[in-house]
Amino acid sequence: MKDVLLYLMIYAGSALMAYNIYGYICFSRDVRKHGNWDQEQKFLYLPIWLLVMFFIGYLVVGLFGKPDLVMAGILFGGSIFVFVMLLLIRRVFDMIQQNEQLEVKLSAAEAASKAKTFFLSNMSHDIRTPLNAIIGYTSLAKREGAAYEEKDEYIDKIEMAGRQLLEIVNDVLDMSRIESGKFSLEPACVNLEDCIREVCNLVRVQLEARKINFSVSCVITHKWVLSDRVMLDRVLMNLLCNAGKFTEENGSVSLQLKELSAEGETGRYEFRVKDTGIGMSREFAERLFIPFERERTSTVSRIQGTGLGLAITKNIVDLMGGEISVQTEKGKGTEFTITVDFPLTEPGEKTPSGGENEVSFEGMRALLVEDNSINMEIAQMLLEQEGFRIETAENGQIALEMTAASKPGYYDVILMDIQMPVMDGYTATQAIRGLPDKELAGIPIIAMTANAFQEDIRKAAEVGMNGHIAKPLDIPDMRATLQRVLKHNGSADER
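Residues numbered from 1 in each chain as written. Predicted model: local features only at pLDDT ≥ 70, side-chain atom pairs only at ≥ 80, totals over all residues. Heavy atoms only, no water.

This part takes up the overall build of the protein chain. Helix and strand counts for the protein chain stand at 16 helices and twelve strands. Across the 495 residues in the protein chain, those meeting the buried criterion constitute 37%. Pairs at least 24 residues apart make up 71% of the contacts formed inside the protein chain by residues separated by at least 6 positions. As displayed, the protein chain has an accessible area near 28,900 Å², and 56% of this comes from carbon and sulfur atoms. (Helix = DSSP H or I, 4+ residues; strand = E, 2+ residues; numbered from the N terminus. Buried < 20%, exposed > 50% of the residue type's maximum accessible area, 1.4 Å probe, protein only. Contact = heavy atoms within 4.5 Å. Areas by Shrake-Rupley, 256 points an atom, 1.4 Å probe, with all protein chains shown as cover.)

Shown next as structure tokens:
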């Protein structure tokens, strides 16, 4: 019985030592993955050979020797000791790794905190600049004795500052949606020549006002493609406006569109935006597409901007599956090149615009659903200027009751806010669409809301709305949406 116990201790110790060898080999691999141990390589292998020698010694004693209790105890205890030591070393190594990971997370948190501070500082400056203009010119316009011409000039400057503020807010919100993965494209049939022409018409006035020469070249064979027109315009506007900002008087800005190739159903296009402006340093060019980055020079510091435009541009180009690159030299100008593949398509149905087919809003009755009194007053005055007769409701529940109590054809259109107390715009629209009177249920409903993202426009369509007007209200856009919806509804023929 005693011999059996001795041999059991020897073989158990041998098995444990074999496991120790396997455990140490795995541990040494993890260590080598974790860092550079080239100089310590021989020391990492040394314990393996020692453990193998111990293991062979255990087997020799177990197979050929006649162990006594002391020898069996030493061998068995040695195996347990090595196992415990390897366990402790592994635990220490895991704790070191955890500490390093915590240090990385701490560094990331500190970097995020600095980025947040830098962001808030930038936003504070960039938001306060147009706000200062709005408040300042409003005070000047309200003062006694201000001439009509002066007030007219102040109002123009207030409008310009308001648009600058809206651009900043849109950039920040777009960047937030990009980082959260909620930013997406809405491809549609696009005429690239029309796109280039309209963008250039918008930019040309600004550039010519600053005495900057502007040239455009468009050499393409296939002009109809599938793309997100709004986002493509955004990319080109960002690059052209940037080129104009950083180009001095009598400088030049150019836009070139070239079709590189067309294979099957896909065409490859190249956009180039070049200027003779101040250029950038090579160091800054490498960080150009990082959000909130702006080169710190006396010239750049005088020019307003959040540092988000190019980051947004880069993300849009990436979503399109394209590439954007930059060539620049300090004092000699900058050239951006975008290469992107677009699916080729056939000409889309052209929407008629203007002329004798336009709907007259004179005498039409609109139900304006809005819970904010200031927004209601502004929208009501703008709509009345277009010829509408306005009735109002403070929330969706009141709008539903007023619609249900009206006669078919009494309201020509309902302009519905989305976020309201009691009943929101989506719920109210679904309830109106569910009215038993089919004519009342089919009344045109247009969202007039600050929920202005693509997903908000889709949601409005899904619940049964016929159109979407974003706040702050853009009068031409509002008029165009009303024309489209009411024309489609047949109101022009009825009147």
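Now that the structure is up, let's keep going.
As defined by bridge partners, strand 2 (residues 213–219) adjoins strand 4 (residues 252–263) across seven bridges and the pair is classed as parallel. Looking at strand 4, one finds that Phe214 is bridged to Val253. Two elements, strand 4 and strand 5 (residues 266–275), share ten bridges in a ladder whose sense is antiparallel. Looking at the pairing, Leu257 lines up with Phe271 of strand 5. The turn linking strand 4 back onto strand 5 is made up of two residues, and Gly264 within it adopts a positive phi angle of 65°. (Pairing = 2+ DSSP bridges.)

Our next topic: the sheet that holds strand 6 (residues 323–329). Spatially, 2-4-5-7-6 is the arrangement adopted by the five strands of the open sheet, whose pairing is mixed. At either end of the open sheet lies a strand with only one pairing partner, and these are strand 2 and strand 6. Each neighbouring strand pair of the sheet contributes to a mean axis angle of 10°, computed without reference to strand direction. Of the strands in this sheet, strand 2, strand 4, strand 5 and strand 7 (333–343) are in contact with helix 5 (residues 192–209), which crosses strand 2 at around 175°. Lying on the sheet, helix 6 (residues 229–245) is in contact with strand 2, strand 4, strand 5 and strand 7; it crosses strand 5 at an angle near 20°. (Axes fitted to C-alpha atoms, helices over the stretch in contact; angles between N-to-C directions.)

Next up on the list: the packing of aromatic side chains. Throughout the structure, instances matching the rule amount to four aromatic pairs. Here the aromatic rings of Phe361 and Phe388 are separated by 4.9 Å at their centres, their planes lie at 20°, and the arrangement is stacked. On the criterion of sequence distance, the pair formed by Phe361 in the loop between strand 7 and strand 8 (365–369) and Phe388 in the loop between helix 10 (373–385) and strand 9 (389–393) is long-range, its members being 27 residues apart. There is no split in this pair, since Phe361 and Phe388 are both buried. Above the ring of Tyr410, the side-chain terminus of Arg365 is found at 4.0 Å from the ring centroid. (Phe/Tyr/Trp six-rings, centres within 6.5 Å; stacked < 30°, edge-to-face > 60°. Lys NZ or Arg CZ within 6 Å of the ring centre and 35° of its normal.)

Counting 45 residues, the largest nonpolar core has Leu192, Leu232, Leu236, Leu240, Tyr269, Phe271 and Phe342 as the members making the most contacts within it. Every element with two or more residues in this core is listed here: helix 4 (148–179), helix 5, helix 6, strand 4, strand 5, helix 9 (309–319) and strand 7. The residues contacting Phe271, other than those within four sequence positions of it, are Ile196, Leu232, Leu236, Gln256, Leu257, Phe336, Thr337, Ile338, Val340 and Phe342. (Core = buried A, V, L, I, M, F, W, Y, C linked by side-chain atoms within 4.5 Å.)

Overall, parallel pairing links the five strands, which are arranged 9-8-10-11-12 in an open sheet. At either margin of the open sheet sits one strand with a lone partner, and together these are strand 9 and strand 12 (467–470). Geometrically, the sheet is characterised by an average inter-axis angle of 25° between neighbouring strands, direction not taken into account. Relative to strand 12, strand 11 (residues 445–449) runs parallel, the two being bridged by four bridges. By the bridge assignment for strand 12, Thr449 is matched with Ala470. In the packing of helix 10 onto the sheet, contacts are made with strand 8, strand 9, strand 10 (413–416) and strand 11, and the angle to strand 9 comes to roughly 160°.

This part takes up the pattern of salt bridges. Taken as a whole, this structure holds 18 salt bridges when the rule is applied. The closest approach of N and O atoms between Arg197 and Asp194, which form a salt bridge, is 2.6 Å. Residue Arg197 and its partner Asp194 are both found in helix 5; the two are separated by three residues, about one turn of the helix. On the basis of relative accessible area, Arg197 is assigned to the partly exposed category, the value being 45%. Looking at Asp194, the relative accessible area reads 28%, which means it is partly exposed. In this structure, the salt-bridge partner of Glu329 is Lys332, at a minimum N-O distance of 3.6 Å. By relative accessible area, Glu329 is classed as partly exposed at 44%. (Salt bridge = Lys/Arg side-chain N within 4 Å of Asp/Glu carboxyl O.)

Moving on, we get to the packing of helix 6 against helix 9. Running from N to C, helix 6 and helix 9 point in directions that differ by 145°, and their axes come no closer than 10 Å. You can see that helix 6 and helix 9 cross each other, and the crossing is left-handed. Between helix 6 and helix 9, the residues in contact are Met231, Arg234, Val235, Asn238, Leu239 and Asn242 and Gly309, Leu310, Ile312, Thr313, Ile316 and Val317, respectively. Here the contact of helix 6 with helix 9 is built from residues that sort into seven nonpolar, four polar and one charged. (Left-handed = near helix turned anticlockwise from the far one by under 90°. Nonpolar A, V, L, I, M, F, W, Y, C, P; charged D, E, K, R; others polar.)

What helix 11 (residues 396–405) keeps buried is the set Gly396, Ala399, Leu400 and Thr403. Take helix 11 and look down its axis: the buried residues cluster within an arc of 100°, on one side only. On its buried face, helix 11 is in contact with strand 8, strand 9, strand 10, helix 12 (425–433) and helix 13 (438–441). Its side-chain oxygen at 3.0 Å from the backbone nitrogen of Gln397, Asn395 defines the N-terminal cap of helix 11. (Arc of directions from axis to C-beta. Polar contact = N/O pair within 3.5 Å; in protein donor to acceptor, adjacent residues only side chain to side chain.)

Here we come to the environment of Val413. Mapped onto the elements, Val413 comes out in strand 10. If sequence neighbours within four positions are ignored, Val413 has contacts with Arg365, Ala366, Leu367, Phe388, Ile443, Pro444, Ile446 and Leu486.

We now examine the pairing of strand 5. As defined by bridge partners, strand 5 adjoins strand 7 across ten bridges and the pair is classed as antiparallel. In the sheet register, Tyr269 faces strand 7, and the bridge partner there is Val340.

Now for the confidence of the model for the protein chain. The predicted model of the protein chain has a mean per-residue pLDDT of 82, with 84% of residues at 70 or higher. Counting interchain partners and residues more than four positions distant, the pLDDT-below-50 stretch residues 297–302 has seven contacts. Below a pLDDT of 50 lies the segment residues 491–495, which in the model reaches nine contacts outside its immediate sequence neighbourhood of four places, other chains included. (pLDDT = per-residue confidence, 0-100.)

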